[in-house]
Amino acid sequence: MEILAPAGSTDALIAGVRCGANAVYLGMKNINARRNAANFGTEELASAVKYCHERNVKVYVTLNILVSDEELETAVHTAEEAINAGADGFIVQDLGLAKILHEQFPKVRLHASTQCSVNSPEGFKALEEAGFVRAVIPREMSLEEIKEIRKATDMELELFVHGALCMSVSGQCYMSAMLGGRSGNRGLCAQPCRLPFSADESKSCDLSLKDLSLLSHLKEIEEAGVCSLKIEGRMKSEYYLATVINAYRRAMDDYYKNGVVYKNNILYTEELEKTAHREFTTAYLCGENDRTENFDDSQSSGTHKFIATVIEGNKDGYVLIEMRNRFKSGDELEILSPSESFNKKITVKKMTDENGNEIDDAKLVQQKIRLYTDIPLCKGDFLRKKI
């Protein structure tokens with residue numbers, strides 16, 4: 001099974017690939033369901049594809065909104081630019097756009113977005129007949145339902161396994177559009193469902209759902225016929241993505257090496273707790289709604305705080321880092337890395353600014369700091385601190 005990572009920016013893409021993603025999905029500057037992400041221009045996409053392909057990682061471009069007549073030419077032109085940049089396929093919602101792309105670019109891979117809202121064997125057969133080679137399964141489906149889909153089609157099946165959940169079926173929500181003129185189906189959701197809404201005066205968050213996490217069900221998902229494990233989060237930080245993808249990569253490698261005993265290693269679930277998230281749920285996967293509502297609080301939190309990014313590896317006993325949150329001499333920092341330095345600890349004993357002046361309190365956001373350590377670190381590694 002592949003790990004499919006979201007990439008809302010170049011930094012997020014690099015973090016995902018470094019930490020073990022087999023493929024990434026991203027949007028260009030328009031015609032995608034996360035228009036508030038940084039996204040990728042034509043030249044940025046070409047560079048991203050080159051970076052990924054050099055590391056045997058595939059790139060799927062999202063064209064996953066409903067397209068108006070006025071936008072159709074732009075959508076096709078966007079697809080052509082992505083094809084010229086070397087993209088490996090498209091995630092599409094609009095069936096009319098899919099038909100045009102299939103006719104004009106017959107060799108291009110088309111993946112049916114979960115927002116196609118297809119949830120029956122007959123529907124998946126229809127997608128296959130329309131030219132799709134993969135479909136993203138709605139989050140509302142159970143393992144038994146997925147198995148029925150697998151029997152009905154030869155298409156590849158992709159499943160969301162981690163990240164935020166939407167109160168509406170497959171994201172088909174008009175709440176943001178009605179309340180603020182920002183349509184979720186046009187890539188502009190303002191997430192008003194996270195605000196306090198209740199039938200009484202409790203001010204509870206009755207429309208705010210928990211976060212999905214299916215890390216402990218890799219065997220069941222594979223046996224159901226899924227080939228791609230999709231992480232949600234094109235609006236998330238590179239630290240969040242590095243943490244989550246690192247956990248899934250290590251868990252999956254353990255699963256393929258040792259089987260289901262990987263579940264006994266609490267390292268992977270503890271790792272997921274170290275970045276901001278809401279309470280986890282398996283949602284509908286096991287056949288029943290696993291209490292997806294997060295009534296008490298819609299905010300997310302984690303056990304650790306993102307402290308810094310490594311921008312230059314070890315040299316003369318120091319690494320160069322870019323600070324994100326305050327830390328001081330004496331603090332214990334933990335390493336997030338795909339290397340063997342993962343989870344090792346650094347006690348801050350000595351650090352300087354770029355000019356060599358010693359400092360004991362790093363409090364200037366994005367300040368570049370030389371931190372003393374003898375633990376091997378590479379550009380792109382992260383430092384975090386327990387809260």
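Scroll up to find the structure.
Residues numbered from 1 in each chain as written. Predicted model: local features only at pLDDT ≥ 70, side-chain atom pairs only at ≥ 80, totals over all residues. Heavy atoms only, no water.

Student: I keep staring at the overall build of the protein chain and nothing clicks. Help me out?
Tutor: Check the secondary structure of the protein chain and you find 10 helices and 20 strands. Computed over its C-alpha atoms, the radius of gyration of the protein chain comes to 22 Å, within 12% of the 21 Å expected for a compact globule of 387 residues. The dimensions of the protein chain, computed from C-alpha atoms along their principal axes, are 65 × 50 × 50 Å. Classification of the 387 residues of the protein chain by burial places 52% in the buried group. (Helix = DSSP H or I, 4+ residues; strand = E, 2+ residues; numbered from the N terminus. Rg over C-alpha atoms; globule rule 2.2 N^0.38 Å. Buried < 20%, exposed > 50% of the residue type's maximum accessible area, 1.4 Å probe, protein only.)

Student: Please explain the sheet that holds strand S17 (residues 358-359) as it appears in this structure.
Tutor: Consider a sheet: its strands pair through backbone hydrogen bonds, and that pairing is either parallel or antiparallel. Read across the sheet, eight strands follow the order S15-S14-S20-S11-S12-S19-S16-S17 without closing on themselves; strand pairing throughout is antiparallel. The open sheet has two edge strands, strand S15 (345-347) and S17, and neither has a second partner. Alignment of strand S11 (residues 304-315) against strand S12 (residues 318-323), held across five bridges, turns out to be antiparallel. By the bridge assignment, lysine 315 is partnered in S12 with tyrosine 318. Contacts from helix H9 (residues 238-258) reach S11, strand S14 (332-336) and strand S20 (382-386) within the one sheet, and its direction differs from that of S20 by about 85 degrees. (Pairing = 2+ DSSP bridges. Contact = heavy atoms within 4.5 Å. Axes fitted to C-alpha atoms, helices over the stretch in contact; angles between N-to-C directions.)

Student: Help me understand the pattern of salt bridges in this model?
Tutor: As a working rule, side chains carrying opposite charge can pair if their charged atoms are close by. Tallied over the entire structure, the rule returns 28 salt bridges. When the shortest N-O distance is used, the salt bridge between glutamate 144 and lysine 147 registers 3.4 Å. With glutamate 144 and lysine 147 both in helix H6 (residues 143-152), this residue pair falls three residues apart, about one helical turn. For the salt bridge of glutamate 158 with lysine 230, the shortest nitrogen-to-oxygen distance reads 3.1 Å. Placement of the pair is glutamate 158 in strand S7 (residues 156-164) and lysine 230 in strand S9 (residues 228-231), with a sequence separation of 72 residues. Through salt bridges that share partners, Glu2, Arg109, Arg134, Glu156, Glu158 and Lys230 make up one connected network. (Salt bridge = Lys/Arg side-chain N within 4 Å of Asp/Glu carboxyl O.)

Student: Before we go on, may I ask you to explain helix H2 (residues 42-53) in this structure?
Tutor: Counted at 1.5 Å a residue, the expected span for H2 with its 12 residues is 16 Å, and the 16 Å between its end C-alpha atoms agrees. Within H2, the full set of buried residues consists of Leu45, Ala48, Val49, Tyr51 and Cys52. Along H2, the residues classed as buried sweep out an arc of 160 degrees about the axis, all on the same side. For H2, the exposed residues set more than 90 degrees away from the buried face come down to Glu43 and Lys50. Residues of H2 that are buried sit in contact with helix H1 (10-18), strand S2 (23-27), strand S3 (58-63) and helix H3 (72-85). (Expected span 1.5 Å × (residues − 1). Arc of directions from axis to C-beta.)

Student: What is the right way to look at unusual backbone geometry in this model?
Tutor: Peptide bonds are, in most cases, trans, and in most cases residues other than glycine have a negative phi. Residue asparagine 56 is not a glycine yet carries a positive backbone phi of 60 degrees. The backbone phi angle of glutamine 191 is positive, close to 55 degrees, even though this residue is not glycine. Looking at the element boundaries, glutamine 191 is found in the loop between helix H7 (175-180) and strand S8 (211-213). Overall, glutamine 191 belongs to the partly exposed group, its relative accessible area being 42%.

Student: Explain the side chain of threonine 243 to me, please; I cannot follow it from the model alone.
Tutor: Positionally, threonine 243 belongs in helix H9. Classification of threonine 243 as buried rests on a relative accessible area of 0%.

Student: Can you help me understand the nonpolar core in this one?
Tutor: Nonpolar side chains tend to gather and get buried jointly when the protein is soluble and globular. Formed by 94 residues in total, the largest nonpolar core has its most connected members in Leu13 and Leu45. Ranked by residue count, the leading element in this core is H9, at 11 residues. Contact partners of leucine 13, with chain neighbours within four places excluded, come to Ala7, Val24, Leu26, Phe40, Ala48, Tyr51 and Cys52. Counting residues in each nonpolar core, the second largest holds 18 residues, with Ile307, Ile321, Phe327 and Leu333 among its members. (Core = buried A, V, L, I, M, F, W, Y, C linked by side-chain atoms within 4.5 Å.)

Student: What exactly am I supposed to notice about the pairing of S14 here?
Tutor: Each regular strand shows side chains that alternate between the opposite faces of the sheet. In terms of residue burial, S14 counts as a mostly covered element, since four of its five residues are buried. Here S14 runs beside S15; their pairing, made up of three bridges, is antiparallel. Pairing of leucine 333 across the sheet is with isoleucine 346, part of S15. In terms of strand pairing, S14 meets S20 through three bridges, oriented antiparallel. Bridge pairing links glutamate 334 to arginine 384 in S20.

Student: Is there a simple way to explain the packing of H2 against H3 in this structure?
Tutor: Relative placement of two packed helices is described by the angle separating their axes and the distance separating the axes. At their nearest, the axes of H2 and H3 sit 9 Å apart, and the two run at 35 degrees to each other. Here the hand of the crossing between H2 and H3 comes out right-handed. From H2, Thr42, Leu45, Ala46 and Val49 reach across to H3, where they touch Glu81, Ala82 and Ala85. (Left-handed = near helix turned anticlockwise from the far one by under 90°.)

Student: Explain a nonpolar patch on the surface to me, please; I cannot follow it from the model alone.
Tutor: Where nonpolar side chains cluster on the molecular surface, the patch consists of Tyr174, Met178 and Leu179 and spans about 400 Å² of accessible area. Locating leucine 179 in the fold gives a position in helix H7. (Patch = residues over 30% accessible without salt bridge, like charges linked within 9 Å, V, L, I, M, F, W, Y side chains within 5 Å. Areas by Shrake-Rupley, 256 points an atom, 1.4 Å probe, with all protein chains shown as cover.)

Student: I would appreciate a short explanation of the pairing of S11 in the present structure.
Tutor: Bridging between S11 and S20 involves five bridges; their strand directions are antiparallel. If you follow alanine 308 over to S20, its bridge partner there is leucine 383. Joining the antiparallel neighbours S11 and S12 is a turn of two residues, in which aspartate 316 adopts a positive phi near 55 degrees.

Student: I tried to follow helix H5 (residues 121-129) on my own but got confused; where do I start?
Tutor: For the α-helix, the turn length of 3.6 residues means that residues three or four positions removed from each other point alike. Considered for burial, the residues of H5 that qualify are Gly123, Phe124 and Leu127. Projection of H5 onto a plane perpendicular to its axis shows the buried side chains occupying an angular sector of 100 degrees, all on one side. Away from its buried face, by an angle of more than 90 degrees, H5 presents the exposed residues Glu122 and Glu129. Taken together, the buried residues of H5 touch helix H4 (95-104), strand S5 (110-112), strand S6 (134-137), H6 and S7. Just beyond H5, the residue with positive phi is glycine 131, at close to 110 degrees.

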